[in-house]
Number of protein chains: 2
Amino acid sequence: MKVKVAEKVGFCYGVNRAYNKTNEMLKKDNKKTYLFGELVHNKIVVQNLKNSGINIFKDINKLPTDSKTSKVIIRAHGITLEERRILEDNFDEVIDLTCPIVSNMTSFVIKKQKEGYFIVVYGSKQHPEMRALKGSVDQSKIKITKDIHKENYKKVCIVSQTTVDIKSFKNFYTEYLKTNDFSDIIIKNTICIETSKREIEAKKIANWADKVIVLGGKNSSNTKKLVNISKTINEKTLHIEEIEELKNKDLSCEKLGILTGTSTAIWTLKELTEYLKNKYSAEILD
Amino acid sequence: MKVKVAEKVGFCYGVNRAYNKTNEMLKKDNKKTYLFGELVHNKIVVQNLKNSGINIFKDINKLPTDSKTSKVIIRAHGITLEERRILEDNFDEVIDLTCPIVSNMTSFVIKKQKEGYFIVVYGSKQHPEMRALKGSVDQSKIKITKDIHKENYKKVCIVSQTTVDIKSFKNFYTEYLKTNDFSDIIIKNTICIETSKREIEAKKIANWADKVIVLGGKNSSNTKKLVNISKTINEKTLHIEEIEELKNKDLSCEKLGILTGTSTAIWTLKELTEYLKNKYSAEILD
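Residues numbered from 1 in each chain as written. Chains lettered and ligands numbered in written order. Predicted model: local features only at pLDDT ≥ 70, side-chain atom pairs only at ≥ 80, totals over all residues. Heavy atoms only, no water.

**Student:** Could you clarify how one ought to interpret unusual backbone geometry in this entry?
**Tutor:** Where the residue is not glycine, phi is negative for most of them; where a peptide bond is considered, it is trans in most cases. Even without glycine at this site, Ser281 of chain A takes up a positive phi of about 50 degrees. As for its position among the elements, Ser281 of chain A is in the loop between α9 (266-280) and β13 (283-284). (Helix = DSSP H or I, 4+ residues; strand = E, 2+ residues; numbered from the N terminus.)

**Student:** Please explain the packing of helix α1 (residues 13-28) of chain B against helix α2 (residues 43-51) of chain B as it appears in this structure.
**Tutor:** All names here are of chain B. It is at 10 Å that the axes of α1 and α2 come closest, and there the two elements cross at 15 degrees. Relative to α2, the element α1 is oriented roughly parallel. Once α1 is placed against α2, the crossing between them reads as left-handed. Judged by residue contacts, Tyr19, Thr22, Asn23 and Leu26 of α1 engage Val45, Asn48 and Leu49 from α2. When the residues that make up the contact of α1 with α2 are grouped by side-chain class, the tally is four nonpolar, three polar and no charged. (Axes fitted to C-alpha atoms, helices over the stretch in contact; angles between N-to-C directions. Parallel < 35°, antiparallel > 145°, perpendicular 65-115°, else oblique. Left-handed = near helix turned anticlockwise from the far one by under 90°. Contact = heavy atoms within 4.5 Å. Nonpolar A, V, L, I, M, F, W, Y, C, P; charged D, E, K, R; others polar.)

**Student:** Quick question: what am I supposed to make of the relation of the copies chain B and chain A here?
**Tutor:** Relating one copy of the chain to the other requires a rotation about an axis plus a shift along that axis. When chain B is fitted to chain A, the residual RMSD is 0.1 Å, and the transformation amounts to a turn of 180 degrees plus an axial shift of 0.0 Å. Those values place the two copies in the arrangement expected of a two-fold rotation axis. Taking C-alpha positions as reference, the residue of chain B nearest the rotation axis is Ile186 of chain B, located at 2.3 Å. Residue by residue, 100% of the interface of chain B is reproduced at the interface of chain A, so both copies engage with the same surface. (Least-squares fit on C-alpha atoms with pLDDT ≥ 70 in both.)

**Student:** In this structure, what is going on with the sheet that holds strand β11 (residues 237-240) of chain B? I would like to understand it.
**Tutor:** Hydrogen bonding along the main chain pairs the strands of a sheet, whether they run parallel or antiparallel. All names here are of chain B. Ordered in space as β11-β10-β12-β1-β13, the five strands form an open sheet in which the pairing is parallel. Taken across any chain shown, the strands that pair with only one partner, and hence form the sheet edges, are β11 and β13 (283-284). Across four bridges, the pairing between strand β10 (residues 211-215) and β11 is parallel. Residue pairing in the sheet places Val212 in a bridge with Thr237 of β11. Where helix α8 (residues 221-233) meets the sheet, it contacts β10, β11 and β12 (255-260), and its direction lies at approximately 165 degrees from that of β11. On top of the sheet, helix α9 (residues 266-280) reaches β1 (2-5), β10, β12 and β13; it is set at about 165 degrees to β12, its chief contact. (Pairing = 2+ DSSP bridges.)

**Student:** Got a minute to help me understand the interface of chain B and chain A in this structure?
**Tutor:** It is common to give the size of an interface as the accessible area lost on bringing the parts into contact. Each partner contributes residues to the interface: chain B has 16 residues there, and chain A has 16 residues. Between chain B and chain A lies a buried interface of about 1400 Å² when both sides are counted; carbon and sulfur atoms form 48% of it. Connecting chain B to chain A are four salt bridges. Of the charged contacts in the structure, one is a salt bridge between Lys188 of chain B and Asp184 of chain A, with a shortest N-O distance of 3.2 Å. The interface formed by chain B and chain A contains 14 residue pairs in polar contact (both at pLDDT 80 or more). Where the side of chain B that touches chain A is concerned, the elements lending two or more residues are α6 (166-179) and β9 (184-188) of chain B. By residue number, the principal contributor to the side of chain B that touches chain A is α6 of chain B, which donates six residues. Along the lines of polarity and charge, the residues of the side of chain B that touches chain A split into six nonpolar, five polar and five charged. As paired elements, strand β9 (residues 184-188) of chain A and β9 of chain B share five bridges and run antiparallel to each other. (Buried area = accessible area lost by both parts, 1.4 Å probe. Salt bridge = Lys/Arg side-chain N within 4 Å of Asp/Glu carboxyl O. Polar contact = N/O pair within 3.5 Å; in protein donor to acceptor, adjacent residues only side chain to side chain.)

As structure tokens, this is what we get:
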């Protein structure tokens, strides 16, 4: 069995930054450190942080009793302004590890709203990044959607969730413009380049391989996108989050491709390649 | 014969401003006044100004010999920066009567070029407004076209000649976006609202009438657009610039519609309605 691993693997810039800074803090600081929600969409990474001593709480209405003497970390996807206010009012210190690419998108939306633009975001309302965005801007002047609507506005600014795929975004905005009579239009591709590059690689690897494994969080938006892209080309695509999921599966084939999400740790990938070497005498290609 | 005249007739704002200011100057000033090119695309209006004492020259390389003691007027469509420089260097005084809607479009293009956008203009390269625009901006970062091209740029700003029709502009920019992978897009409808309103009226009148007369310059872009719109709906559409052109034509019908271009003077329209009253006992509807 020959195994080709995508070139772009391991944490992306934003996840790496959030993960490293959190670990640094856990090492050097004796103050108790909390994390509001999951730092990233990957349960192995989150478990690893728990093992290093982080405490997670998920409900903003149920703050830890010792918050006044503790630190709290804002996760990579960001949070709403209201949530930030509550954290700032109740914790000794707030560390913002929102991904800079997400922060830039939010700042751009705030700026354009102030200039009088109605904002249309191509994204999923329920994604944490989108919930954070909506809760950080004027909610009366934004629509987060994947469907086409007829709008009453003349000035419109169209952006994207950072983890959507470029082709769908392009289809989305061209359809939006066809359906509406805007007179002043701004369209900005706010997709994370890192995730775009992984998409391009996903196509190549799915074409080359007999079978594809996508390694990443089951609730990770960018991982699911890689799964979809790969599946369209190669129906023998398997999405796993942990190596245990492979135990009862027969992966025998000539050419196996591996893709990973942006919040999949390099050590989880290493574990996968070791497993393949041991069980299938796999040769990992350069 | 019942005659319905469009509500929007006579000079538009920019033509009215240029015509009135030129006339004021001719009345109160004893300095010789020149006009570089035609003030507007209407030979009756131009002839009228000639009768009032204006002197026209068309070649920037053949300036009047008395330029140093004379005034020169910049026409409503604007001129290039180079032409402006020559006028400023050679005349005693330069009066800029460029239509403010055209000036605003030019300023917008200059601003966006400075911000790093490649400019795509939906327009006709040969139109004076477009020649003036091209000659006033960085020519290496602009394309004036009615065709779709594949571009090498990521940041693009799409605008329109002020006299094109909105539907064609919309088709143009949606096709442009489909063909290209821009990541930062600005689209601004820089069409003159006055001409858009006349288009809407043209459709109504062409639908109502048995025959339509479009009164306006044979080389006027906005007049030709009204002719095209009317002809699509009503093939009995006649484009005339002067009443004389009607002398050998039989206009007999129940319902006659009249449209005019934005540089057609109200007195020419009046001459037309008088002609119809006298020859066909026409009733002019309110």
